[in-house]
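Here is what each chain is made of, one letter per residue.
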Amino acid sequence: MKISFYVLSESKAQDFLGFICQLTQTALNKSTQSLLILVEDDALLSMLDEALWAQETTSFIPHQCLLDTGTQGTDPEGTDVDAATANTDNVSLAPVLLGNYMPADFKGIVLNTTIRPVNTFMAATSNAQPTRVLELIKPDATSVQEGRNKYKAYQQLGYELTHFKV
């Protein structure tokens, strides 16, 4: 699995939502795979959901919010979304998923905004095998340290690692 670290400049970190939307659009343009954005912060999830829906018509990013395992609710279009169903019925899912867990059998790209390495999410589900992981590192000391911890964890697992300063 390939892991790419994006070390954000101060200006990119200030427009964190904009950068996520831009990176999401780039990933969708370069791949036919679905993209999962892992988000554990409810406020960030809500803001990101809004930002992806608010993209210009020409760059609209179709997406769906996944709910905590075992709960049920509605997606932004008002359709019921049950996490258990989402886990087993990947055919009906949008090209971009937002959630705090990895669906079973997920085999796409993961954009990780959490402090935990993606392999901890993989361990909590069955048959998930992401093909690529995009890690975002903000320029503050805490994020940099979390990034280093993730880098070491991925390195120990033998993943192919790259990093970009943006």
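If you're wondering where the values come from, they're calculated on a predicted model, not measured in any experiment.

Quick word on the environment of Thr 24
Here's step 1: In this fold, Thr 24 is placed in helix H2 (residues 16-30).
Here's step 2: Linking Thr 24 and Val 96, residues 72 residues apart in sequence, is a C-alpha distance of 8.1 Å.
Here's step 3: Apart from residues lying up to four places away in sequence, Thr 24 is in contact with Leu 35, Ile 37, Ile 61, Val 96 and Leu 111.
Here's step 4: At 2.7 Å, the side chain of Thr 24 and the backbone oxygen of Ile 20 are in polar contact.

Thoughts on the pairing of strand S2 (residues 35-38)
Here's step 1: In S2, alternate side chains face the same way, and those of Leu 35 and Ile 37 on one face and Leu 36 and Leu 38 on the other are all buried.
Here's step 2: Pairing of S2 with strand S6 (residues 96-99), which is carried by four bridges, proceeds in the parallel orientation. Bridge pairing in S6 links Ile 37 to Leu 98.
Here's step 3: As paired strands, S2 and strand S7 (residues 109-112) are joined by four bridges and run parallel to one another. In the sheet register, Leu 35 faces S7, and the bridge partner there is Ile 109.

Some remarks on the packing of aromatic side chains
Here's step 1: Applying the stated criterion across every chain yields a total of five aromatic pairs.
Here's step 2: When the centroid spacing of 5.4 Å and the interplanar angle of 50° are considered together, the rings of Phe 5 and Tyr 151 count as tilted. Here Phe 5 is found in strand S1 (residues 2-7), whereas its partner Tyr 151 is found in helix H6 (residues 141-156), with 146 residues between them in sequence.
Here's step 3: For Tyr 151, a relative accessible area of 31% translates into the label partly exposed.
Here's step 4: Through a chain of ring-to-ring contacts, the aromatic side chains of Phe 5, Tyr 151, Tyr 154 and Tyr 159 assemble into a single cluster.
Here's step 5: The aromatic ring of Phe 121 is capped on one face by Arg 116, whose charged end is 4.1 Å from the ring centroid.
Here's step 6: Sitting over the face of the ring of Phe 16, Lys 138 holds its NZ or CZ atom 4.1 Å from the ring centroid.

Focus: H6
Since the α-helix turns once every 3.6 residues, residues separated by three or four places project in the same direction.
Here's step 1: Over its 16 residues, H6 runs 23 Å from end to end, which matches the ideal 22 Å to within 8%, given 1.5 Å per residue.
Here's step 2: Along H6, the positions that sit buried rather than exposed are Ser 143, Gly 147, Lys 150 and Tyr 154. The buried side chains of H6 occupy one side of the element, clustering within an arc of 65° when seen end-on. Summarising the geometry of H6, the exposed residues directed more than 90 degrees from the buried face are Ala 141, Thr 142 and Gln 156.
Here's step 3: Taken together, the buried residues of H6 touch S1, S7, helix H5 (118-123), strand S8 (132-137) and strand S9 (160-165).
Here's step 4: Where H6 starts, the residue carrying a side-chain oxygen 3.3 Å from the main-chain nitrogen of Thr 142 turns out to be Asp 140.
Here's step 5: Phi turns positive one or two residues past the end of H6, at Gly 158, with a value near 80°.

Some details on the nonpolar core
Here's step 1: Formed by 26 residues in total, the largest nonpolar core has its most connected members in Ile 37, Leu 48, Leu 52 and Leu 136.
Here's step 2: Contributing elements (two or more residues each) for this core: H2, S2, helix H3 (42-53), S6, S7 and S8.
Here's step 3: In terms of residue count, the dominant contributor to this core is H2 (seven residues).
Here's step 4: Non-local contacts of Leu 52, meaning those with residues more than four positions away in its chain, are made with Cys 21, Ile 37, Phe 60, Ile 61, His 63, Val 96 and Leu 98.
Here's step 5: With 20 residues, the next largest nonpolar core counts Val 110, Phe 121, Tyr 154 and Tyr 159 among its residues.

Cut-offs and rules
Residues numbered from 1 in each chain as written. Predicted model: local features only at pLDDT ≥ 70, side-chain atom pairs only at ≥ 80, totals over all residues. Heavy atoms only, no water. Helix = DSSP H or I, 4+ residues; strand = E, 2+ residues; numbered from the N terminus. Contact = heavy atoms within 4.5 Å. Polar contact = N/O pair within 3.5 Å; in protein donor to acceptor, adjacent residues only side chain to side chain. Buried < 20%, exposed > 50% of the residue type's maximum accessible area, 1.4 Å probe, protein only. Pairing = 2+ DSSP bridges. Phe/Tyr/Trp six-rings, centres within 6.5 Å; stacked < 30°, edge-to-face > 60°. Lys NZ or Arg CZ within 6 Å of the ring centre and 35° of its normal. Expected span 1.5 Å × (residues − 1). Arc of directions from axis to C-beta. Core = buried A, V, L, I, M, F, W, Y, C linked by side-chain atoms within 4.5 Å.

Remember, this is a structural readout, not a statement about activity or role.
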